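Examining the three-dimensional arrangement
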Amino acid sequence: MRGAVIHSPGDVRFENLDDPKVLEPTDAVIRTVATCVCGSDLWPYRGLEPVGDPHPMGHEYVGIVEEVGSEVTGVRPGQFVVGSFATSDNTCANCLNGWQSSCLNREFMSTCQADYVRIPNAHGTLVATDEHPDAEMVPGLLAVSDVMGTGWYAALAAEVKPGSTAVVVGDGAVGLCGVIAAKELGAERIIAMSRHASRQKLALEFGATDIVAERGDEGVARVKDLTGGIGADSVLECVGTAGSMRQALHSTRPGGNVGFVGVPHEVAVDGQELFFSHVGLRGGPAPVRRFLPDLIDRVLTGRINPGKVFDLSLPLDQVAEGYKAMDERRAVKALLKP
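None of the values given here were measured: they were computed from a predicted structure. (Residues numbered from 1 in each chain as written. Predicted model: local features only at pLDDT ≥ 70, side-chain atom pairs only at ≥ 80, totals over all residues. Heavy atoms only, no water.)

Concerning the pairing of strand S9 (residues 165-169)
Threshold: Exposed residues in this analysis have more than 50% of their type's maximum accessible area, buried residues have under 20%, and partly exposed residues fall in between, with area computed by a 1.4 Å probe over protein chains only. Here a helix means four or more residues in a row that DSSP labels H or I, a strand means two or more in a row labelled E, and each is numbered from the N terminus. Crossovers are marked right-handed if the path from the first strand over the helix to the second runs clockwise, as seen with the strands pointing away from the viewer. Any two strands with at least two DSSP-identified bridges between them are counted as paired.
The element S9 is extensively covered by neighbouring structure, given that five of its five residues are classed as buried. The side-chain alternation of S9 yields two buried faces, one formed by Thr 165, Val 167 and Val 169 and the other by Ala 166 and Val 168. Following the backbone out of S9, through helix H6 (residues 173-184) and into the adjacent parallel strand S10 (residues 189-193), one traces a crossover that is right-handed. Sheet analysis places S9 next to strand S12 (residues 232-237), joined by four bridges and oriented parallel. Directly across from Val 168, in S12, lies its bridge partner Leu 236.

Structure below.
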């Protein structure tokens, strides 16, 4: 088969790779219907994370089941499935508590920008749709496998409630999906922090009521102006930098909550400052598997359309262009089809 391999910062190639096989009785192999480039893939692409030896890339996927191991009973060959970037057996104590991304048998997916993908823990990771979805539904279902599930978790972690005010820090795909989530969870006011006109437009379409283009202390001051001087009830941090975390914490009112889902890079939280702020802080890798049935239903019934975050669609063999376009901010998110 063929798949994306990163060799060094800025160097992603589409190469011949070994076909995946069922290695464990809980595995499945799927034929990729769609995959994509994630904002977190840009960290090594930009040299902000070590690349090491050349290795495959990608952790978002929807596809058709080709083969299953002997212990996989939840899905069968021929079904269309959606999975998560973190695999889970869905039976351990952490999974049963709703934290499948901390499954005791967790594996993080990392080979999905390819024609075929081996899915460990397939019995607890994959969710099949009742029938093969129409082509126009595929982008939304692909978004559910990560960015929509992650945006949803950010809103839940920030304790967005009906009638509340939410701030979304970050206008990438996760942040934009966080706007959808805040709207679905009943936020009355949603302040999207964005400096890019096309992303501002999409945020408003998804349910944002206000746009704040300022960053840093100026951005915090603008949020305070919009919230009676105290800050928002809930803040979704969807970037992962020191600046975005500081902006999120300072934009939250005393007694409010920050949900942080941007993978942290050089983020340090001052314990004394957090102590006296009375701000709650929760985050981590999103337990997407917990949300899959609900989010899949919301997409298929047309209630939400997170697939709109894909503003660039390319053949899978042009994956390098997808990375480049996102790195240069010519695209919010690049969808790839074999």
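Description of the packing of aromatic side chains
What characterises a pair of aromatic rings is the spacing of the ring centres plus the angle enclosed by the ring planes. The line we're drawing: Stacked, tilted and edge-to-face are the three classes applied to pairs of Phe, Tyr and Trp rings, where Trp contributes its six-membered ring and a pair requires centres within 6.5 Å; stacked means planes under 30 degrees apart, edge-to-face means over 60, and tilted covers the rest.
Summed over all chains, the structure comprises four aromatic pairs. A ring pair is formed by Phe 85 and Phe 108, whose centres lie 6.5 Å apart and whose planes are at 5 degrees; its orientation type is stacked. Of the two residues, Phe 85 is situated in the loop between strand S6 (80-82) and helix H2 (93-96) and Phe 108 in the loop between H2 and strand S7 (116-119); the sequence distance between them amounts to 23 residues. Phe 85 sits in the buried class, given a relative accessible area of 10%.

Observations concerning the sheet that holds strand S1 (residues 2-8)
If you trace the three strands from one edge of the open sheet to the other, you get S2-S1-S4, paired in antiparallel fashion. Of all the strands in the sheet, just strand S2 (11-16) and strand S4 (55-56) have a single pairing partner and so form its edges. Taken together, the six bridges between S1 and S2 define a ladder with antiparallel strand orientation. Each bridged residue has a counterpart across the sheet, and for Ala 4 the counterpart in S2 is Phe 14.

Focus: unusual backbone geometry
Even without being glycine, Glu 266 reaches a positive phi, approximately 60 degrees. Within the secondary structure layout, Glu 266 lies in the loop between strand S13 (252-260) and helix H10 (271-277). Residue His 278 is not a glycine yet carries a positive backbone phi of 60 degrees. You can see His 278 is positioned in the loop between H10 and strand S14 (280-283).

Things to note about the side chain of Gln 100
The criterion, for reference: Throughout, a residue-residue contact means that at least one pair of heavy atoms, one from each residue, lies within 4.5 Å.
By the element assignment, Gln 100 lies in the loop between H2 and S7. A residue is classified by how much of its surface remains accessible, and Gln 100, at 6% relative accessible area, is buried. Dropping the residues within four chain positions of it, Gln 100 is found in contact with Thr 87, Ser 88, Asn 90, Asn 94, Cys 95, Pro 287, Arg 289 and Arg 290.

Considering the nonpolar core
Definition in use: Residues grouped as a nonpolar core are buried Ala, Val, Leu, Ile, Met, Phe, Trp, Tyr and Cys residues, joined through side-chain atoms within 4.5 Å.
In this structure, Val 62, Val 82, Val 144, Met 148, Val 160 and Leu 236 are the most contacted members of the largest nonpolar core, which totals 56 residues. For this core, the element with the most residues is H6, which contributes eight residues. Dropping the residues within four chain positions of it, Val 160 is found in contact with Ala 155, Ala 166, Ala 182, Leu 185, Ala 187, Ser 234 and Leu 236. Counting 17 residues, the second-largest nonpolar core is a separate cluster that includes Leu 42, Met 57, Leu 316 and Tyr 323.

Structural notes on the packing of H6 against helix H7 (residues 197-206)
Selection criterion: The axes used here are C-alpha line fits, helices contributing only the stretch in contact, and every angle between their N-to-C directions lies in the interval 0 to 180 degrees. Here the angle decides the label: under 35 degrees means roughly parallel, over 145 means roughly antiparallel, 65 to 115 means roughly perpendicular, and every other value means oblique. Each crossing gets its hand from how the near helix is turned against the far one by less than a right angle, where anticlockwise is left-handed and clockwise is right-handed. Residue polarity follows a fixed list, in which Ala, Val, Leu, Ile, Met, Phe, Trp, Tyr, Cys and Pro are nonpolar, Asp, Glu, Lys and Arg are charged, and the others, Gly among them, are polar.
The contact between H6 and H7 brings their axes to 9 Å, and the two run at 20 degrees. The orientation of H6 with respect to H7, classified from their angle, is roughly parallel. Between H6 and H7 lies a crossing whose hand is right-handed. Taking contact as the criterion, the partners of Leu 176, Val 179, Ile 180 and Lys 183 in H6 are, on H7, Arg 199, Leu 202, Ala 203 and Phe 206. Looking at side-chain class alone, the contact of H6 with H7 contains six nonpolar, no polar and two charged residues.

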